Amino acid sequence: MKPKIWLSSPHMGGNEEQFVKEAFETNWIAPLGPNVNGFEQDLELFLNHDCHVAALSSGTAGLHLALVLLGVKAGDEVICQSMTFSATANPITYVGATPVFVDSEKDTWNISPTLLEAAIKDRIAKGKKPKAIIPVHLYGMPAKMEEITAVARHYQIPVIEDAAEALGSSINGQKCGSFGDIGVLSFNGNKIITTSGGGALVSHSSALVKDARFLATQARDEAPHYQHSRIGYNYRMSNLCAGVGRGQMLILAKRIEQRRSIYEQYHNHLAGKKGIEFVDEPSGYFSNRWLTTILVDENEAGFTREDLRLALEKENIESRPLWKPMHMQPVFEEYPFYGDGTAEQLFRDGLCLPSGSNLSNDDMAQIFAVIDTLLK
Ligand SMILES: *Cc1c(COP(=O)(O)O)cnc(C)c1O
């Protein structure tokens with residue numbers, strides 16, 4: 001069997017070990033420490049736009065804290081993009097709130113601003129104004145933030161921006177993660193850069209980020225003894241993981257370039273092939289192209305996305321259907337959904353192709369060889 005070609009695997013730059021070594025040498029093995037501060041500063045500089053950052057144990061922890069910080073409580077409703085990974089929606093249930101799912105639009109595959117407004121109006125008519133809106137930048141493609149924030153502002157509902165897949169993506173130069181009232185990043189092993197496991201909470205409000213750090217370290221009041229007046233969490237990033245993160249920040253720009261080059265290679269190879277469709281960047285939009293995704297129209301192409309996935313699997317090449325929408329998941333089926341069938345069609349026809357920045361030319365040739373047998 002040939003070595004496996006992964007969808008997206010960790011890709012170290014070479015300087016990560018030095019930061020981790022320093023942590024060992026200075027015995028900063030505990031959570032927090034100079035690497036955590038350094039990593040937060042690196043992220044603040046990169047995101048720009050007057051962002052403050054708290055490094056956390058995961059993106060999921062960031063989403064949970066965001067809901068807590070916005071005061072979302074049991075019985076509240078939170079609007080969530082349906083087409084996403086379950087980590088976007090799960091934290092809504094951690095605070096006892098109800099997710100209300102909204103479909104995608106076709107340009108970016110992210111939450112439809114039109115359906116978003118329809119959902120808000122209907123929820124208000126039914127007696128409950130949603131307490132937050134969670135759009136997602138799927139596969140690195142920015143959601144239509146201008147339209148989404150306009151709707152959110154009109155109804156005065158805060159936005160939690162799930163930018164877990166979109167570090168380095170931007171709209172007219174403004175970085176994803178900096179649009180929402182709160183933004184969330186992930187550094188899980190499969191993301192564009194990784195800390196092995198980790199995440200971050202982003203906000204323009206330094207007071208809010210200070211509060212996030214407080215809640216993430218068990219909400220310890222200032223006192224010589226352990227004193228608590230709020231419920232806390234153990235959600236901070238460790239100083240060792242942050243060391244990996246500092247090393248990864250040195251090569252983030254390169255990783256974005258590499259992921260975009262992989263997308264270009266697929267795009268060039270498949271250009272003009274019947275029944276294969278890519279998602280283009282709308283004008284002013286810049287995607288980090290975390291994963292290259294295609295839609296396969298069975299009638300035009302003569303094969304399905306599942307035919308392609310199985311053909312790749314046979315050659316030990318990993319590919320994956322797009323996220324199965326949350327409103328189709330057994331665990332979320334009972335919750336309200338506002339849609340027009342877009343996410344369902346994306347799930348039916350969509351495939352994520354191997355997109356790691358560490359793919360070699362030989363790997364790409366192997367992948368193209370399999371695709372070509374189906375294209376004929
Ligand atoms: C990865 C991911 C998350 C969760 O991040 P973790 O760090 O794995 O907890 C949340 N939302 C989306 C869209 C993701 O892809």
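Residues numbered from 1 in each chain as written. Predicted model: local features only at pLDDT ≥ 70, side-chain atom pairs only at ≥ 80, totals over all residues. Heavy atoms only, no water.

Asker: Would you mind showing me how to read the nonpolar core here?
Answerer: Within soluble globular proteins, side chains that are nonpolar generally end up buried alongside one another. In this structure, Phe 39, Leu 43, Tyr 139, Leu 167, Leu 185, Phe 187 and Leu 322 are the most contacted members of the largest nonpolar core, which totals 38 residues. Of all elements in the fold, only helix H2 (34-47), strand E1 (52-56), strand E9 (199-203), helix H8 (239-249), helix H9 (252-270) and helix H12 (342-349) reach the threshold of two or more residues within this core. Ranked by the residues each element gives to this core, the list is headed by H2, at four residues. If you count residues domain by domain, this core takes at least three from each of domain 1 (16-251) and domain 2 (253-375). What Phe 187 contacts, discounting residues up to four positions off in sequence, is Phe 39, Leu 43, Leu 167, Ile 193, Thr 194, Thr 195, Ser 196, Gly 197, Gly 198, Gly 199, Ala 200 and Met 237. Within the second largest apolar cluster, 32 residues are counted, among which are Cys 80, Ile 182, Leu 208 and Met 326. (Core = buried A, V, L, I, M, F, W, Y, C linked by side-chain atoms within 4.5 Å. Buried < 20%, exposed > 50% of the residue type's maximum accessible area, 1.4 Å probe, protein only. Helix = DSSP H or I, 4+ residues; strand = E, 2+ residues; numbered from the N terminus. Domains from an automatic or database assignment. Contact = heavy atoms within 4.5 Å.)

Asker: I tried to follow the domain arrangement of the protein on my own but got confused; where do I start?
Answerer: Size of an interface, as often reported, equals the accessible area lost when the parts are brought together. Split into domains, the protein comes out as domain 1 (16-251) and domain 2 (253-375). Taking only C-alpha atoms, the centre of domain 1 and the centre of domain 2 are 25 Å apart. Across the contact, 47 residues belong to domain 1 and 39 residues belong to domain 2. Taken together, the two surfaces of domain 1 and domain 2 that pack against each other cover about 3,700 Å², and 64% of this comes from carbon and sulfur. (Buried area = accessible area lost by both parts, 1.4 Å probe.)

Asker: Would you explain the packing of aromatic side chains in this entry?
Answerer: Where two aromatic rings form a pair, the distance of their centres and the angle of their planes describe that pair. On inspection of all chains with the given rule, the structure shows nine aromatic pairs. Aromatic side chains Phe 101 and Phe 332 sit 5.4 Å apart centroid to centroid with 65° between the ring planes, which places their arrangement in the edge-to-face category. With Phe 101 in strand E3 (residues 98-102) and Phe 332 in the loop between strand E13 (320-321) and strand E14 (337-338), this pair connects stretches of sequence that are 231 residues apart. This pair shows no difference in class: Phe 101 is buried, exactly as Phe 332 is. (Phe/Tyr/Trp six-rings, centres within 6.5 Å; stacked < 30°, edge-to-face > 60°.)

Asker: Explain the side chain of Glu 161 to me, please; I cannot follow it from the model alone.
Answerer: Structurally, Glu 161 is set in strand E5 (residues 160-162). Arg 153 provides the closest opposite charge to the buried, unpaired Glu 161, separated from it by 11 Å. (Lys, Arg positive; Asp, Glu negative; His and termini not counted. Salt bridge = Lys/Arg side-chain N within 4 Å of Asp/Glu carboxyl O.)

Asker: Would you explain empty space enclosed by the protein in this entry?
Answerer: The probe, sized like a water molecule, is rolled over the atoms to show the empty space still left. Going through the model one piece at a time under the given rule, you end up with one cavity of 30 Å³ or more. Of the pockets and cavities examined, the largest cavity occupies roughly 70 Å³. In terms of lining residues, the largest cavity is bounded by Thr 108, Trp 109, Leu 138, Tyr 139, Met 141, Val 279, Ser 287, Arg 289, Leu 291 and Thr 293. Here the lining of the largest cavity is built from residues that sort into six nonpolar, three polar and one charged. (1 Å grid on protein atoms, 1.4 Å probe; cavity = no way out; pocket = protein on both sides within 12 Å on 5 of 7 lines; lining within 4 Å. Points joined across faces, edges and corners; volume = space filled by probe spheres on them. Nonpolar A, V, L, I, M, F, W, Y, C, P; charged D, E, K, R; others polar.)

Asker: Honestly, unusual backbone geometry in this entry has me stumped. Any pointers?
Answerer: Only a minority of non-glycine residues have a phi that is not negative, and only a minority of peptide bonds are not trans. Backbone geometry at Asp 50 places phi at a positive 60°, although glycine is not the residue there. Residue placement: Asp 50 occurs in the loop between H2 and E1. Judged by its relative accessible area of 56%, Asp 50 falls in the exposed class. Non-glycine residue Ala 219 carries a positive phi angle of around 50°.

Asker: Help me understand the environment of Ala 74, please; the structure alone is not making it clear to me.
Answerer: The residue Ala 74 is located in the loop between helix H3 (59-69) and strand E2 (77-81) in this model. With relative accessibility at 62%, the residue Ala 74 sits in the exposed group. Linking Ala 74 and Ser 238, residues 164 residues apart in sequence, is a C-alpha distance of 30 Å.

Asker: Help me understand the packing of helix H11 (residues 305-314) against helix H13 (residues 361-375) in this model?
Answerer: If you want to describe how two helices pack, look at the angle between their axes and the distance between the axes. The N-to-C vectors of H11 and H13 enclose an angle of 135°; their axes lie 10 Å apart at closest approach. The angle between H11 and H13 places the two elements in the oblique class. Of the two possible hands of crossing, H11 and H13 adopt the one that is right-handed. Contacts from Asp 307, Leu 308, Ala 311 and Leu 312 of H11 reach H13 at Ile 367, Val 370, Ile 371 and Leu 374. Classifying every residue of the contact of H11 with H13 by side-chain character gives seven nonpolar, no polar and one charged. (Axes fitted to C-alpha atoms, helices over the stretch in contact; angles between N-to-C directions. Parallel < 35°, antiparallel > 145°, perpendicular 65-115°, else oblique. Left-handed = near helix turned anticlockwise from the far one by under 90°.)

Asker: Please explain the site of the ligand as it appears in this structure.
Answerer: Looking at the ligand, there are 15 residues lining it, with Thr 60, Asp 162, Glu 165, Ser 186 and Lys 191 nearest. Contacts to the ligand include Glu 165, whose side-chain N or O atom sits 2.6 Å from an oxygen atom. Asn 188 has a polar side-chain atom sitting 3.1 Å from an oxygen atom of the ligand. In isolation the ligand has 380 Å² of accessible area, and contact with the protein removes 94% of it. Elements that contribute at least two residues to the shell around the ligand include exactly H3 and helix H4 (86-94). Its residues assigned to classes, the shell around the ligand shows four nonpolar, eight polar and three charged. (Near = heavy atom within 4 Å. Polar contact = N/O pair within 3.5 Å; in protein donor to acceptor, adjacent residues only side chain to side chain. Areas by Shrake-Rupley, 256 points an atom, 1.4 Å probe, with all protein chains shown as cover.)

Asker: How do you make sense of the pairing of E1 when you look at a structure like this?
Answerer: Consecutive side chains of a regular strand alternate in pointing toward one face of the sheet and then the other. Counting buried positions along E1 yields four of five residues, so the element is predominantly enclosed. The pairing of E1 with E9 spans five bridges and is antiparallel. Within the sheet, the bridge partner assigned to Val 53 lies in E9 and is Val 202. (Pairing = 2+ DSSP bridges.)

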